[in-house]
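Here are the chains, one letter per residue:
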Amino acid sequence: MISDSLAELLIQSIPGLLIPGLTVTIPLTLVSFGLGLILALFTALVQIARVPVLRQVARFYVWIIRGTPLLVQLYIIFYGLPSLNIKIDAIPSAIIAFTLSVGAYTSETLRAAILSVPQGQLEAGYCVGMTFSQTMRRIIIPQAFKTAFPPLFNSFIGLTKDTSLAANVTVLEMFMAAQRIAARTYEPFALYCEVGVIYLLFCTVLSKIQDIGERKLEHMQ
Amino acid sequence: MLKIDHIHKAFGDNQVLKGVSLEVDKGDVVCIIGPSGSGKTTLLRCINFLESADQGTMQFNDKTLDLHKVTKQEIREVRFHTGFVFQNYNLFRNKTALENVTEGLIIARGMAKEEAEKIGRETLDKVGLSGRYDYYPKQLSGGQQQRVGIARAIAANPEVIFFDEPTSALDPELIDEVLAVMKQLAREGTTMVVVTHEMSFAHDVANKVIFMEHGSIVEQGTPEEVFYHAREEHTKQFLRRITHGQNL
């Protein structure tokens with residue numbers, strides 16, 4: 001079915017896809033997700049603790065980010081902000097956009113998970129003399145994390161694929177690498193299928209890691 | 001030692017506590033009895049600030065607090081000297097039995113880990129859970145969980161321990177092991193305030209029994225006075241209903 005030359009192209013292009021995959025796509029995903037989680041935790045906590053003003057800011061932020069396309073946000077940051085004399089390089093632009101996106105979506109995951117921990121756990125913390133933040137840190141958040149773990153991993157897998165949007169703002173990640181090879185060789189079908197398979201492989205590995213993580217968490221409690 | 005004056009609490013239009021006053025002396029075992037919805041649990045929760053009272057004062061040791069305008073620091077101070085045992089145990093689900101006991105000592109009181117663990121083991125031994133230090137709550141029976149709950153409450157050597165219906169969530173065959181621990185504490189002179197439906201416990205162990213109904217204290221006195229010589233018709237009716245006319 002597949003001609004020899006096409007098979008050769010597919011094999012030869014593997015390093016050209018895998019290298020940007022491993023050196024750009026994966027780090028971009030990890031950094032954005034890590035920063036996004038910190039932002040999400042903060043966003044969830046100010047809402048749960050009903051911190052005045054910050055709570056409204058958090059709701060507003062979640063509303064804006066969830067209500068507009070990620071691609072539009074990327075364009076605003078990379079192509080739009082320079083007209084306000086704010087120039088941000090391609091990779092930092094992508095990290096900002098992805099972090100904001102992860103922060104908004106997973107803050108809702110974390111908020112729901114924290115609220116799902118029974119009120120009695122907080123009361124018990126108070127009764128042994130702990131403060132709100134001590135109880136959150138030691139008791140509530142560890143329990144919430146177990147609940148939040150599968151949906152968080154969902155977001156993580158989603159982000160791995162969403163980083164392909166960064167190709168639109170000149171980040172040379174895995175999908176842009178595929179675009180370039182496809183343009184050079186006139187084999188778009190083969191190349192886009194191939195890059196799709198590599199994303200699938202990445203996500204399959206992540207799913208396995210999720211399974212292991214869930215089993216570890218099950219043992220913990 | 002602990003004196004509560006005219007505590008009021010409403011949830012919306014529902015007046016749950018209508019000016020309840022109560023005094024606890026060192027070494028007292030005070031049992032609060034009464035029908036469901038009489039405000040017993042709310043009273044206990046207001047005293048430990050798990051609910052904020054609408055008005056009332058508290059005198060604890062030498063300090064007088066306005067229950068409605070109390071600061072976080074004052075609340076924490078009171079909680080450092082009191083223990084609380086919950087109806088549903090509320091053990092920290094992500095912590096072992098030992099960690100449940102040591103958590104408050106280490107995190108809230110800044111005690112060294114080794115010292116806290118020594119106290120933790122001694123306290124668990126005391127409630128008969130020597131072999132269960134490293135068990136998580138879900139690996140323990142209800143009776144064992146509640147005994148960990150008691151160990152957690154007594155570990156910091158509080159001046160008074162509040163029990164909120166400590167046996168109500170337990171299967172009948174597990175109630176006695178928890179009551180036995182409480183009786184032992186009472187014998188050792190621990191000051192306790194117990195909301196309970198266990199009339200024989202109130203009868204045998206308490207030195208003061210309080211009967212509450214509709215958010216007020218209807219009657220209080222020694223077990224002898226309340227159980228056998230109740231002045232109020234409501235108290236007699238309640239006791240007849242709950243003991244089915246049997247002797248305690």
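This structure is a prediction, so every number in the text was calculated from the model and none was measured.

Each strand in a sheet pairs with another by means of backbone hydrogen bonds, the pair being arranged parallel or else antiparallel. Residue and element names in this part refer to chain B. Read across the open sheet, the six strands follow the order 6-7-8-3-9-10; overall the sheet is mixed. Two strands close off the open sheet at either side, each with one partner strand: strand 6 (82–85) and strand 10 (216–221). Averaged over all adjacent pairs, the angle separating strand axes in this sheet is 15 degrees, with direction ignored. Judged from the five bridges that link them, strand 9 (residues 208–213) and strand 10 form a sheet pairing that is antiparallel. Across the sheet, the residue bridging to E213 is S216, located in strand 10. Its contacts with the sheet place helix 6 (residues 172–187) against strand 3 (29–33), strand 7 (160–164) and strand 8 (192–195), and it is angled at close to 150 degrees to strand 8.

Our focus in this paragraph is unusual backbone geometry. All names here are of chain B. For N61, which is not a glycine, the phi torsion comes out positive at approximately 55 degrees. Relative to the elements of secondary structure, N61 occurs in the loop between strand 4 (55–60) and strand 5 (63–66). On the accessibility criterion, N61 (35% relative accessible area) is partly exposed.

Residues and elements named next belong to chain A. What the rule picks out here adds up to 11 aromatic pairs over all chains. Centre to centre, the rings of Y75 and Y79 are 5.0 Å apart; their planes meet at 55 degrees, and the pair counts as tilted. With Y75 and Y79 both in helix 3 (residues 70–80) and four residues apart, this pair spans about one turn of that helix. Here Y75 falls in the partly exposed class, since its relative accessible area comes to 36%.

Residues and elements named next belong to chain B. Tracing the backbone shows E213 in strand 9. Within the buried core, E213 has no salt-bridge partner, and the shortest N-O distance to an opposite charge, that of R241, equals 5.8 Å. In contact with E213, other than residues within four places in its own chain, are P35, S38, V218 and H234.

Conventions adopted
Residues numbered from 1 in each chain as written. Chains lettered and ligands numbered in written order. Predicted model: local features only at pLDDT ≥ 70, side-chain atom pairs only at ≥ 80, totals over all residues. Heavy atoms only, no water. Pairing = 2+ DSSP bridges. Helix = DSSP H or I, 4+ residues; strand = E, 2+ residues; numbered from the N terminus. Axes fitted to C-alpha atoms, helices over the stretch in contact; angles between N-to-C directions. Contact = heavy atoms within 4.5 Å. Buried < 20%, exposed > 50% of the residue type's maximum accessible area, 1.4 Å probe, protein only. Phe/Tyr/Trp six-rings, centres within 6.5 Å; stacked < 30°, edge-to-face > 60°. Lys, Arg positive; Asp, Glu negative; His and termini not counted. Salt bridge = Lys/Arg side-chain N within 4 Å of Asp/Glu carboxyl O.

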